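Observations on the model geometry
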Amino acid sequence: MRCLRQLLPVSLAVTVWALHESDVGVVDWNTKLIGVPLHGSPHTAPVFHRDYILTATSNNVLAALNATDGSIVWRSIYDVGDPIMAFSHHDDSVSSLSGPGGSTLRTYDLETGHLILEKQLHSPGDARVHEPQNLGISLLRSTNHSLNSTAYFALTNGDSVTHLDETGDIVWTWNSPDQGSMILYSHIIVDPSTVYLLGFAKSFASYTLHVTTLTATTGQLIASVNIPANIKDERTKFVAVSSQTGPTVAICVNWLEDGALKAAVLTPELKGQVMALPGIKYDRISDFGLSTNGQFLAIKEGGAAHVMHFDANASSLQPIWEFGDVAQSETQSDSHFVGSLSRDGEPRVARVYWSNTYHSAIHQTLAIHLSEGKASVSGFAFPFQTLDHGVIWHVAFDASNTNETHENTRMLLITTTGSMQFWQHDKMQWIREEALASIQVAEFVELPEKKVVMSHAVVDEEGYFERLQRQLSDARNLPQYLANFARRFATGSYATVTTSTASSSDEDTLTRDAFGFRQIIVAATSYGKIFGIDSSNGRILWSRVLGLGWAAKVGGRIVPTKIFVTRTVSDPEGPQIVLVTQRVADNSLVDTVLFHVNALTGDDVIEGHQSFPRVALQGLDAVMGPLVDVFMLPNKNRTVVMLDEYLQARIYPDTPSAQAEFESFAPFIHLALRADIPDRRQILGHQLALNLDLSQFLVAYPTWTLSLPQKEEIHAVIPNTRGPIASIGKVLGNRKTLYKYLNPHLTLVLTSFSPSSTCGIYVLDVVKGSVIYHASVPAPGGVCDVQATLTENWLVYYYFDDEFSGTGQSKGYRVVSVEFYEGDGPDDKTKSSELSSYSNETLHISTYEQSFIMPHGITAISSTSTKFGVSTKDIIVANRKNSIQSIPRRMLNPRRPKHKPTSEEQEEMLVQYDAVLPEDARLVLSHNYEVANVRRIVTSPSLLESTSLVFVYGLDLFFTRIAPSGTFDVLSENFNKVQLVLTVAGLGIAIMVTKPMVRRKRLRERWY
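Let's talk about the overall build of the protein chain
A tally of helices and strands in the protein chain yields 9 helices and 63 strands. Here the C-alpha radius of gyration of the protein chain, 34 Å, is about what a compact globule of 1008 residues would show, namely 30 Å. With the C-alpha coordinates aligned to their principal axes, the bounding extent of the protein chain is approximately 135 × 75 × 70 Å. Carbon and sulfur atoms form 53% of the exposed surface of the protein chain, whose accessible area is close to 46900 Å². Taking the 82 positively charged and 103 negatively charged side chains of the protein chain as two groups, their mean positions are separated by 9 Å.

Section: the state of the cysteines
One pass over the full model with this rule turns up 1 disulfide. Residue Cys759 pairs covalently with Cys784 via a disulfide, S to S 1.9 Å. Between Cys759 and Cys784, the disulfide has an S-S torsion of -115 degrees and is therefore left-handed. Of the two residues, Cys759 sits in strand E52 (residues 758-765) while Cys784 sits in the loop between strand E53 (770-778) and strand E54 (787-791), which places them 25 residues apart along the sequence.

Remarks on the pattern of salt bridges
Under the counting rule described, the total for this entry stands at 32 salt bridges. The salt bridge involving Glu930 is made with Lys32; its shortest N-O contact spans 3.6 Å. Of this pair, Glu930 sits in the loop between helix H8 (903-907) and strand E61 (936-941) while Lys32 sits in the loop between strand E1 (29-31) and strand E2 (47-49), placing them 898 residues apart in sequence. With a relative accessible area of 40%, Lys32 lands in the partly exposed category. Of the charged contacts, one joins Lys427 and Asp426 as a salt bridge, the two residues approaching to 3.7 Å between their closest N and O atoms. Under the relative-accessibility criterion, Lys427 is labelled exposed at 54%. Overlapping salt bridges, with partners in common, bring together Lys32, Arg75, Glu930 and Asp956 in one network.

What to know about the side chain of Thr830
Mapped onto the fold, Thr830 is located in the loop between strand E56 (812-822) and strand E57 (845-854). Not counting chain neighbours up to four residues away, the residues in contact with Thr830 comprise Glu822, Gly823, Leu835, Glu841 and His844.

Observations concerning the environment of Ala312
Turning to its location among the elements, Ala312 is positioned in the loop between strand E24 (304-311) and strand E25 (316-325). Given a relative accessible area of 13%, Ala312 falls into the buried group. For the pair Ala312 and Ile84, spaced 228 residues apart in sequence, the C-alpha to C-alpha distance is 34 Å.

Considerations on the confidence of the model for the protein chain
Mean pLDDT over the protein chain works out to 87, with 92% of the residues at or above the 70 mark. pLDDT under 50 marks residues 1-17. Its contacts with residues more than four places away, or in other chains, come to 33 contacts.

As for the sheet that holds strand E9 (residues 115-120)
In space, the 4 strands of this open sheet follow the order E6-E7-E8-E9, with antiparallel pairing throughout. Where the open sheet ends on each side, the last strands, each with one partner, are strand E6 (84-90) and E9. On average, each strand axis in the sheet is tilted by 15 degrees relative to the strand beside it, whichever way the strands run. The sheet contact formed by E6 and strand E7 (residues 93-98) spans 6 bridges and is antiparallel. Opposite Ile84, over in E7, you have Ser98 as the bridge partner.

What to know about the side chain of Thr639
Take Thr639: it is sitting in the loop between strand E42 (627-632) and strand E43 (640-644). Judged by relative accessible area, Thr639 falls into the buried class, the value being 0%. Not counting residues within four places of it along the chain, the set of residues in contact with Thr639 comprises Phe631, Met632, Leu633, Ile651, Tyr652 and Ala658.

Focus: the nonpolar core
In terms of nonpolar packing, the biggest core is built from 39 residues, with Ile53, Leu412, Ile439, Ile521, Phe951 and Leu957 touching the most fellow members. When contributions to this core are tallied by element, the ones reaching two or more residues are strand E4 (61-66), strand E31 (410-415), strand E32 (419-424), strand E34 (439-446), strand E35 (519-525), strand E36 (529-534), strand E62 (948-953) and strand E63 (957-962). By size, the runner-up hydrophobic cluster in this structure holds 23 residues, among which are Ala779, Cys784, Leu795 and Ile845.

Examining a positive patch on the surface
There is a patch of like positive charges on the surface, built from Lys995, Arg999, Arg1000, Lys1001 and Arg1004. When you line up the elements, Arg999 lands in helix H9 (residues 977-1007).

Digging into the pairing of strand E11 (residues 149-156)
Regular strands have side chains that alternate between both faces of the sheet. Most of E11 sits inside the fold, with 8 of its 8 residues counted as buried. Side chains of E11 alternate between two faces, with Ser149, Ala151, Phe153 and Leu155 and Thr150, Tyr152, Ala154 and Thr156 buried alike. Relative to strand E12 (residues 160-165), E11 is paired through 6 bridges, and the arrangement is antiparallel. Bridge pairing in E12 places Tyr152 opposite Leu164. In this structure, the hairpin formed by E11 and E12 is closed by a connection of 3 residues, where Asn157 is found at a positive phi of approximately 65 degrees.

A short note on the sheet that holds strand E58 (residues 858-863)
Taken in spatial order, the 3 strands make up an open sheet running E58-E59-E60, and their pairing is antiparallel. Of all strands in the sheet, those bounded by a partner on one side alone are E58 and strand E60 (883-887). Direction aside, the axes of adjacent strands within the sheet are offset by 20 degrees on average. Bridge count for strand E59 (residues 875-879) against E60 is 5 bridges, and the pairing is antiparallel. In the sheet register, Ile876 faces E60, and the bridge partner there is Ser886.

What counts and how
- All residue numbers here refer to positions counted from 1 along the written sequence of the relevant chain.
- The model is predicted, so local features are restricted to residues of pLDDT at least 70 and side-chain atom pairs to those at 80 or more, both for listing and for counting; the totals for chains, interfaces and linings are taken over all residues.
- Think of the side-chain values as coming from all heavy atoms in the structure, minus any hydrogens and water.
- Segments assigned H or I by DSSP are reported as helices when at least four residues long, segments assigned E as strands when at least two residues long, and all are numbered from the N terminus.
- Put simply, the radius of gyration uses C-alpha atoms, and a globule should come to 2.2 Å times the residue count raised to 0.38.
- Throughout, the Shrake-Rupley method with a 1.4 Å probe supplies accessible areas, and for residues the shown protein chains are the sole cover considered.
- Positive charges come from Lys and Arg, negative ones from Asp and Glu, while His and the chain ends are left out of the count.
- Charged side chains are reduced to one point each, which is NZ for Lys, CZ for Arg, CG for Asp and CD for Glu.
- Disulfide assignment relies on a single distance test, namely cysteine sulfur atoms paired within 2.5 Å.
- A pair is scored as a salt bridge if a Lys or Arg side-chain nitrogen falls within 4 Å of a carboxyl oxygen belonging to Asp or Glu.
- Relative accessibility decides the category of a residue: with a 1.4 Å probe and only protein chains considered, values under 20% of the type maximum give buried, values over 50% give exposed, and everything between is partly exposed.
- When checking whether two residues touch, look at their non-hydrogen atoms; a contact exists if any pair is within 4.5 Å.
- What pLDDT reports is the predictor's confidence in each residue, on a scale of 0 through 100.
- DSSP calls a pair of strands paired once it identifies at least 2 bridges connecting them.
- Each axis is a line fitted through C-alpha atoms, taken for helices only over the stretch in contact, and angles between the N-to-C directions span 0 to 180 degrees.
- By nonpolar core we mean a set of buried residues, namely Ala, Val, Leu, Ile, Met, Phe, Trp, Tyr and Cys, connected to one another through side-chain atoms within 4.5 Å.
- Patches draw on residues past 30% relative accessible area with no salt bridge. Two like charges within 9 Å are joined, as are two nonpolar side chains (Val, Leu, Ile, Met, Phe, Trp, Tyr) within 5 Å.

Pasting the structure below:
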């Protein structure tokens, strides 16, 4: 019976909307991403391995890309609390260390990504925190050729080494006696008989190097000594290189001391002398990928770069090549050095930099022939577009196929805007915009009609003869139009919901389709880049780099905060957006910067013209300081209002008309702002007023205070989702009406209370601070993971309940649906949408609330939106199964009866309450797509009242559309238009034939 009760509401829901197999890839699209590679550490930076590119990314993903086309071969998504610390590759597998301190070892198959091995090396709770977090973590794979097997050597926590065999069984574990209190190991090197651990040891005024050797077979301590060194801090790099000499490996550790390069050759007994390279002062040394071959890089104080080589046979260290001035200057950028081995095992060193003189990127390759004692450099320029992709951040180099002509030279570039570019010689083979995995804000922008676009292009400054010529040219298309009209009328081949966007997306002109499904998605990322994406296919239409302004000289980053559509297709200027950002400079100064962009082209509206070649967008410095709040007025100018740290209201555009409209709106603006006082949090209501004694701007002053309990933290303030309201009430089965509580000043506040491990949900009236609704839910482990949305009179929120609250209760994911209505019950109308917020009637409401159990956790939640608000609002959620699901409102109706529905309740389409929301594949909008780590769901109306557009972003991007109440305003694709036309035509012919017969019959009846 329970299954039948679950199937009934689901069957009612899926009849409204279900995706057919033929619609997959037509009405939706999915873009899989991996995130921007982590290049700050050699343990996580991208590397070439055969025809694969392996990398760990900032989105906590370990991935393998096909180097030929850039497609994702496989990816493994790690949990937030399990960050990737290091990875290494060996033959046909890839291994990683993840978690706090490198607590977990995993191994994947190189070609398929299937998990081969997973082993916990220590408890995450026993991890030691270092900065950076992967300091003291390293992973090596060693091959025993005699036994034809491989082994793992993992350095974790900076003080522990674990040796595992290829099956994952632990052979031995060694822990540092001081447990990291004085010694922090950061490097591990293994030869067939000895394990070398290298790190820092603390002294009174500085750091010194410490080396420990262990037997590779048993882990027994051989020696542990301090190497005399004077190192300023633990972040100073030292480089350990090794070189194969027959069956043994010679190891040399190198460091800088007061500009002098010093080295020590290591033996298992750690008995040796410190060597110094006299006469040359160096600024820094670094490993560029050839440390296992005996080479590293040393930068001189004058700017030249030496490629150093450790000769194991002679136990000597010497420079084998000098690059000229590699320091950043007015003519060139800083150089990137990366090493690789050729197919015959010879070292190759690539130098990549940007030349301001030639306005292109330069690639130089140093070919080292150790056997001959020779080296040579050759290079080429390649057309890297720095104005479109920022600055080169990191370079990966594959020298396996490099020859003298460089035709097969392969390299991977990572840019500051998050682009991954694969180049073969001077041609870019593919590009991946991985910054899209870090979208901060996104918004839909409607496209203009085709005829409007074409007319705007020629009407400006058009004379009489030009107009006559254009009209005659348009008239030439009249016969074709009539023929097409006749064909469409006869065959019924009109645009359908699946063919509309497909046909429009094939056109070069940015125009909407018949139903408004094709729009532009404007998205801004945390890597200082803004994109225009075609909603019909996910193609990037344009992209622009967000300039730093004055902060370009000191460095900084742009953090997108809000995005507003300030002009639409109805305005003469065309669609435009304003992006509000925070510019965080490296000197700790924070400013508010606005970018005003043409949504169709990406051009800068502030400059007023299109620049060729395109340069980075230079925004408007709107506020010299951080931002407290920002919103847009619903007026003619669509004015953007910003509150600075002194609660002064700044507007954009700052024109006399916008200022006048803002001052007229000011008395009706009510804000809820948080006040952060140590151990005491408050929510303060504010209004705007002008006080010339304090400021020339309108200033927000407090009107009410809501004091929260001590140590209750405010997590988010979410305004009510505003949209058209088609109905102010709900008619019941007994013909009475429940009138919706439509207070336009409602705001949702989410809090956390650590002493009791609970989360708070508040619904406030921001005019006078009244608490309309409050609930307290559990916070498992003290972490509040509440997702909520508030639209019209409907509140839906999600949380995880880890408590047994009563008999028959259990742990689970809960979704609570709350509806607010006016008065004490049906037919009690207070006109809340028109009522003054200062009236006592605003608190005269009735609340219906019900809790449901979800099968899976939720990462994001939103409601659908349509043009006029007639269609039912459904809830769209992103669950932890990496899928997007729709929950019909009928399923979340808090008035669902707990008994068999009566006839009156059946008239309202109410179904019997069941605590568990059934998991039905027909309600999964993403069907077989994987949409991982979703952060937000954005919905937008289309021209069809029945259909809402849905854009989902997180690690992946996903777009689809949903019709909560069915496509009631468009004919189905299988509608037989031909049969209808033939039927009408047949009836017309029958009327024409029978009409004379009837006329003659009536005439005869009159005579006789």
